[in-house]
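# Commentary on secondary and tertiary structure
What follows is each chain in one-letter form.
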Amino acid sequence: MRELGRKLLAFVAGDEAREADIRRALVESLYASPTSLAAGAIAGLLLSIAIARIANDPLMTWCAVVISLIALARTISATIYYHKLKTGEAGTYRAWELAYELGAWIYAGMLGVLALITLIRTDDPAIHILSVSLATGYAAGIAGRNAGRIKIAVGQTCLALLPTAFGLWHVGNFGYSILAIVLLIMVVGMAEITRTTHRIVVEALLGKREKSMLATKYERLARYDSLTGIENRMAMQMRLRELFEANSKSHDALAVLWMDLDRFKEVNDSLGHMVGDALLRTVVERLTVLVGNIGHVARFGGDEFVILLPNMNRAEVQDVAERIVGCFGHGVDVGTHNLPVTASVGLAIGPQDGRDADELMQHADLALYEAKAQGRNRAVSFAWSMKERFHRIHEIETGLRRAITQDELQLHFQPIFEVETGRIAICEALLRWQHPTLGMVMPGEFIPIAESIGMIEPMTDWVIHHACAVAAQWPEDVRVAVNISPASLKSGELPRTIIATLMATGISAGRVELEVTESLFLNDEGHTHQMLRELQQIGLRLVLDDFGTGYSSLSYLRSYHFDGIKIDRSFINSIAVSREDQAIVRAVGHLADALEMEIVAEGIETAEQLQYAREAGIHNVQGYLMSMAQPAAIVTDMVLRGVTIGDAMASKLRGEAAARSA
Ligand code: C2E
Ligand code: MG
Ligand code: MG
């Protein structure tokens, strides 16, 4: 309000202080109504011609001619400027202001001069009435009409009325003299009306301008991301809709690239938000340089960015996506840090990949999900098969919570045989999920999902409890192995669960093996090591699963004292044909012997593989050749009957023959 008041004072105080845009609007108001200008012109024209005709005086005739010409010129120029204003070609307003000013003053002055001449040169009251009323009428009208520019309006009033008043005073009779005085008062009155009208007009203009400035400011806030300065989610969605509609009419392609920074959360959590913010700004700088003017970059929120690329084919879009991934391949320098972030991109191209803007976004998001699932730091193009996979993942995610409470989980066991004696030494507990609509879902599919949604801990508890309860029915020398994923160690509750289960089921700690993979050690800051050592101290056995598939750093074998290792089945697969695999398996056998670890070969499927494992000095074998994972009751029966490798192979062969003949 104070600001508005200050500006108002400046306006009322003097012409020169006015700001250019307001002044322009005021000048435009002079030309805003060519009709009223034409009305004034016609009045001047008719009355001056009438005066010239009645008086039959050459001077008055000349005056009438000049007045008519000026009226005509002003009406024409006003009409031209009015149209230019409407079409936005008005250009500089200063020249038009000057033209109006001159025209207005000369015209008003001519009316005043005409009145003066008629009063001085004739005695005819009719002519006096015509000329005086022309000047006064014009002055009265102009005070309001031209209030946009005080100088012009007041000048016109003076030029029209002062000569008229002088003429009236010159005639000298009582009535005329009073009228002359009234005209002088009228000049003051009209000037006041002009100023008041002017103030109201300026106030309205200022209000309008303030409003439009606020609207611009809020529109900016609403459309742009305050951290990075690029368009935000809302603006991007609006742009996408517009582009999609425009492109679907022309059948041109429109690509949506959805980019997400890998490991941004880690940077933010470990180095703080300031570094996180600086990283995002650097990312935007790189993206805007890379995309240039071929597309639009927007921040979708957090560490997610969306890039819209109109009119590009799939190969070109894929190329841009690869370049985006590539430009983050070596990390990002922020201050003194080189942050190891990479980027994943999902891309979808309309109209093939999505029938409307929302579907296109959804599909780019699915492709991004796929890029992350494939190991991040890559660009993946949407394919319709992803949709089915996504629905399946979604069903698994939502169903997992229900799986435990609704008894949908089952525990199967796969026997692991001792090579030397042929007996069952261990049974590995393997989860199965009987999903109500998807059927049997295997752990390789649902365990990673359970890990990602934080469901793995209750699931591990469930497995430990059921596996130990089943193992309690077996002889003392048969152990049970349970798979422990890294995520189940997060809360540190595992030892408590295990101890409670051992007490509840009555089996000894030495009969339970925990199978862990190398991934467990990657982010270990010592807690995992400590926890596992405590479990080993109470008698549990620790086994390294899938040996050879991860980083296989021998330093793990030195620092974690494993009781056993399981050679991954990928080495067993081709052991019969690959000399390298034979050598590796033999070497691992020696290593295990030297470190006093028990060694298991996973995935034995043929008698030949079994023979190689035996020759390599492998202690235990596990694989489809002897038995697949089976329900608890069947495996318990095998264990109780004392089934050996030979029995198991024979019964498998019998089973297969029966299946063939059936
Ligand atoms: P794993 O611990 O390496 O388990 C061995 C996997 O190999 C099992 O697959 C088993 O059925 C399969 N297998 C055994 N012998 C053969 C063979 O001769 N040939 C072939 N091709 N495969 C064989 P499964 O049951 O599908 O389990 C896959 C993985 O899921 C397991 O690998 C384990 O990492 C995980 N998993 C299973 N149950 C659990 C669980 O209760 N908790 C956790 N955290 N992970 C589990
Ligand atoms: Mg295992
Ligand atoms: Mg394994």
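Calculation rules
- Residues numbered from 1 in each chain as written.
- Chains lettered and ligands numbered in written order.
- Predicted model: local features only at pLDDT ≥ 70, side-chain atom pairs only at ≥ 80, totals over all residues.
- Heavy atoms only, no water.
- Helix = DSSP H or I, 4+ residues; strand = E, 2+ residues; numbered from the N terminus.
- Rg over C-alpha atoms; globule rule 2.2 N^0.38 Å.
- Buried < 20%, exposed > 50% of the residue type's maximum accessible area, 1.4 Å probe, protein only.
- Domains from an automatic or database assignment.
- Patch = residues over 30% accessible without salt bridge, like charges linked within 9 Å, V, L, I, M, F, W, Y side chains within 5 Å.
- Areas by Shrake-Rupley, 256 points an atom, 1.4 Å probe, with all protein chains shown as cover.
- Salt bridge = Lys/Arg side-chain N within 4 Å of Asp/Glu carboxyl O.
- Donors = N, O, S within 2.8 Å, 3.2 Å for Na, K, Ca; no water.
- Phe/Tyr/Trp six-rings, centres within 6.5 Å; stacked < 30°, edge-to-face > 60°.
- Near = heavy atom within 4 Å.
- Polar contact = N/O pair within 3.5 Å; in protein donor to acceptor, adjacent residues only side chain to side chain.
- Nonpolar A, V, L, I, M, F, W, Y, C, P; charged D, E, K, R; others polar.
- Pairing = 2+ DSSP bridges.
- Axes fitted to C-alpha atoms, helices over the stretch in contact; angles between N-to-C directions.
- Contact = heavy atoms within 4.5 Å.

Let us now look at the overall build of the chain. A tally of helices and strands in the chain yields 25 helices and 17 strands. The C-alpha radius of gyration of the chain comes to 47 Å, more than 25% above the 26 Å expected for a compact globule of 662 residues. C-alpha atoms of the chain, sized along the principal axes, occupy 150 × 50 × 45 Å. When each of the 662 residues of the chain is scored for burial, the buried share is 47%.

With domains assigned, the chain is organised as domain 1 (2-216) and domain 2 (233-382). For domain 1 versus domain 2, the separation of C-alpha centres amounts to 62 Å.

This brings us to a nonpolar patch on the surface. A surface patch of nonpolar side chains, about 710 Å² in accessible area, is lined by W169, F174, I178, L179, I181, V182 and I185. If you tally residues by element for the nonpolar patch, the top one is helix α8 (residues 174-223), at 6 residues. By relative accessible area, which is 52% here, W169 ends up exposed.

This part takes up the coordination of the magnesium ion (ligand 2). Surrounding the magnesium ion (ligand 2) are the protein donor atoms E428 (OE), N483 (OD1), E515 (OE) and D545 (OD), at 2.0 to 2.2 Å. All donor residues of the magnesium ion (ligand 2) come from one chain, and their arrangement in sequence is E-x54-N-x31-E-x29-D.

Bringing the packing of aromatic side chains into the picture now. Evaluation of the coordinates by the stated rule reveals 7 aromatic pairs. For the pair Y369 and F390, a centre-to-centre distance of 5.8 Å together with 90 degrees between the ring planes defines the contact as edge-to-face. A residue pair is termed long-range when its members are at least 10 positions apart, and Y369 in helix α13 (residues 357-373) and F390 in helix α14 (residues 384-405) qualify at 21 residues. According to the relative accessible area criterion, Y369 is partly exposed, its value standing at 34%.

Ligand 1 sits among 22 residues. The nearest are R432, N483, D545, E605 and Y624. Side-chain polar atom of N483 to an oxygen atom of ligand 1: 2.8 Å apart, as the coordinates give it. Of all the elements in the fold, those that place two or more residues in the shell around ligand 1 are β9 (424-435), α15 (443-452) and β13 (541-547). Broken down by element, the shell around ligand 1 gets its largest block of residues, 4 residues, from β9. A per-class count over the shell around ligand 1 returns 8 nonpolar, 6 polar and 8 charged.

One can expect most non-glycine residues to show negative phi and most peptide bonds to be in trans. Cis rather than trans, the peptide bond between G350 and P351 has omega equal to 5 degrees. Locating P351 in the fold gives a position in the loop between β6 (342-350) and α13. The backbone of N377 shows a phi angle near 55 degrees, a positive value even though the residue is not glycine. Tracing the sequence through the fold places N377 in the loop between α13 and β7 (379-381). Unlike most non-glycine residues, D546 shows phi in positive territory, near 50 degrees. Since its relative accessible area comes to 25%, D546 is described here as partly exposed.

Across 5 bridges, strand β2 (residues 296-301) lies against strand β3 (residues 304-310) in antiparallel orientation. Its bridge partner being in β3, A298 is matched across the sheet by V306. Count of turn residues in the β2/β3 antiparallel hairpin: 2 residues, of which G302 carries a positive phi of about 55 degrees.

This paragraph deals with the sheet that holds β3. If you trace the 5 strands from one edge of the open sheet to the other, you get β2-β3-β1-β6-β7, paired in mixed fashion. The open sheet has two free edges, formed respectively by β2 and β7, since each of these has just one partner strand. For this sheet, the mean angle separating the axes of adjacent strands, direction not counted, is 20 degrees.

What follows covers the coordination of the magnesium ion (ligand 3). Taken together, D545 (OD), D546 (OD), E602 (OE) and E602 (OE) make up the protein donors of the magnesium ion (ligand 3), found 2.0 to 2.8 Å from the metal. Of note, the donors binding the magnesium ion (ligand 3) are all from one chain and are spaced D-D-x55-E. In this structure, the magnesium ion (ligand 3) lies 4.0 Å away from the magnesium ion (ligand 2), the two metals sharing D545 as a donor.

Attention shifts here to the pattern of salt bridges. Per the counting criterion, the structure on display carries 29 salt bridges. A salt bridge links R314 to D353; its shortest N-O distance comes to 3.0 Å. Taken together, the residues R314 in helix α12 (residues 314-326) and D353 in the loop between β6 and α13 connect sequence positions 39 residues apart. Salt bridges sharing partners connect three or more residues here, namely E428, E515, K566 and E602.

The topology assignment puts T501 in helix α17 (residues 494-505). Not counting residues up to four positions away in its chain, the partners in contact with T501 are I464, H465, C468 and G506.

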